[in-house]
Amino acid sequence: ILAVVAAVKMSNTSDYDLSSQVEVVKGHLRLAQAKALSSGSPWGIHFANSTSYYLFQGTGSTTPVLLIGEDNAIVNLVTKKSALQITSAPQRIEFDAYGSPGATTLTVATNGGNITITKNTGFIP
């Protein structure tokens with residue numbers, strides 16, 4: 001009985017895919033925040049649609065910047081064979097020189113769980 005339960009648990013990896021990819025997106029948001037803090041200029045992540053996003057530098061910029069550990073400047077979740085979808089896209093998250101997203105708490109909604117960015121502090125749990 002235990003072997004059957006273990007086999008069923010091991011065969012369904014979609015939940016692990018979603019949770020791990022949400023953590024990757026959080027890491028990319030934190031990287032944008034760290035770049036804003038260290039450079040003193042705005043950096044952020046633009047979620048262009050439900051399956052792609054990119055890092056940018058500067059207010060109003062539409063030029064993708066390569067993220068650390070990625071092969072392309074635009075992260076494509078379909079290419080990564082991930083089931084994660086950004087359900088709040090299109091959405092632009094921009095951090096100021098203090099690492100703050102502004103005076104409003106922001107939420108990036110995904111099918112793997114929501115990502116909250118706390119107003120003023122930029123805390124991403």
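These remarks concern the structure in this document.

How each quantity is defined
- Residues numbered from 1 in each chain as written.
- Predicted model: local features only at pLDDT ≥ 70, side-chain atom pairs only at ≥ 80, totals over all residues.
- Heavy atoms only, no water.
- Helix = DSSP H or I, 4+ residues; strand = E, 2+ residues; numbered from the N terminus.
- Buried < 20%, exposed > 50% of the residue type's maximum accessible area, 1.4 Å probe, protein only.
- Pairing = 2+ DSSP bridges.
- Polar contact = N/O pair within 3.5 Å; in protein donor to acceptor, adjacent residues only side chain to side chain.
- Contact = heavy atoms within 4.5 Å.
- Salt bridge = Lys/Arg side-chain N within 4 Å of Asp/Glu carboxyl O.
- Core = buried A, V, L, I, M, F, W, Y, C linked by side-chain atoms within 4.5 Å.
- Axes fitted to C-alpha atoms, helices over the stretch in contact; angles between N-to-C directions.

Now for the overall build of the protein chain. Secondary structure summary: the protein chain contains 2 helices and 6 strands in total. Along its sequence from the N terminus, the protein chain presents helices and strands in the succession α-α-β-β-β-β-β-β. Counting only C-alpha atoms and orienting by the principal axes, one finds that the protein chain spans roughly 60 × 30 × 25 Å. Burial statistics for the protein chain: of 125 residues in total, 34% are counted as buried.

This brings us to the pairing of strand E1 (residues 43-49). Within E1, 5 of the 7 residues are buried, which leaves it mostly tucked inside the rest of the structure. In this sheet, strand E2 (residues 52-57) lies alongside E1 in antiparallel orientation, the contact comprising 6 bridges. The residue bridging Ile45 from the neighbouring strand is Leu55, located in E2. Hairpin connection of E1 to E2: 2 residues between the antiparallel strands. Across 5 bridges, the pairing between E1 and strand E4 (residues 91-95) is antiparallel. Each bridged residue has a counterpart across the sheet, and for Phe47 the counterpart in E4 is Gln91.

A few words on the side chain of Gln91. Counting through the fold element by element, Gln91 comes out in strand E4. A polar side-chain atom of Gln91 sits 3.0 Å from the main-chain carbonyl oxygen of Thr107. For Gln91, the contacting residues outside a window of four places in its chain are Ile45, His46, Phe47, Thr107 and Val108.

Time to look at the pattern of salt bridges. For the coordinates displayed, the defined rule picks out 2 salt bridges. Across the pair Lys80 and Glu70 runs a salt bridge, and its minimum N-O distance is 3.1 Å. With Lys80 in the loop between strand E3 (74-76) and E4 and Glu70 in the loop between E2 and E3, the pair connects residues that are 10 residues apart, well separated along the chain.

Here we take up unusual backbone geometry. Between Ala89 and the following residue, Pro90, the backbone shows a cis peptide bond with an omega angle of 0°. Considering the arrangement of structural elements, one finds Pro90 in the loop between E3 and E4. Phi is positive for Asn120, which is not a glycine, with a value near 65°. When you line up the elements, Asn120 lands in the segment after strand E6 (115-117).

Secondary-structure assignment places Ser19 in helix H2 (residues 14-39). Residue classification places Ser19 among the partly exposed positions, given a relative accessible area of 40%. C-alpha separation for the pair Ser19 and His46, spaced 27 residues apart in sequence, amounts to 20 Å.

A word on the nonpolar core. Counting residues in each nonpolar core, the largest one holds 22 residues, and the members touching the most others are Leu29, Ile45, Phe47, Tyr53 and Phe95. Elements that contribute at least two residues to this core include exactly H2, E1, E2, E4 and E6. Beyond its immediate sequence surroundings of up to four residues, Leu29 is in contact with Ile45, Phe47, Ile93, Phe95, Ile115, Ile117 and Ile124.

Our next topic: the sheet that holds E4. Taken in spatial order, the 4 strands line up as E3-E2-E1-E4 in an open sheet, and their pairing is antiparallel. The two strands at the open ends of the sheet, each matched to only one other strand, are E3 and E4. On average, adjacent strands in this sheet sit at an angle of 15° to one another, irrespective of strand direction. Where H2 meets the sheet, it contacts E1, E2, E3 and E4, and its direction lies at approximately 145° from that of E1.

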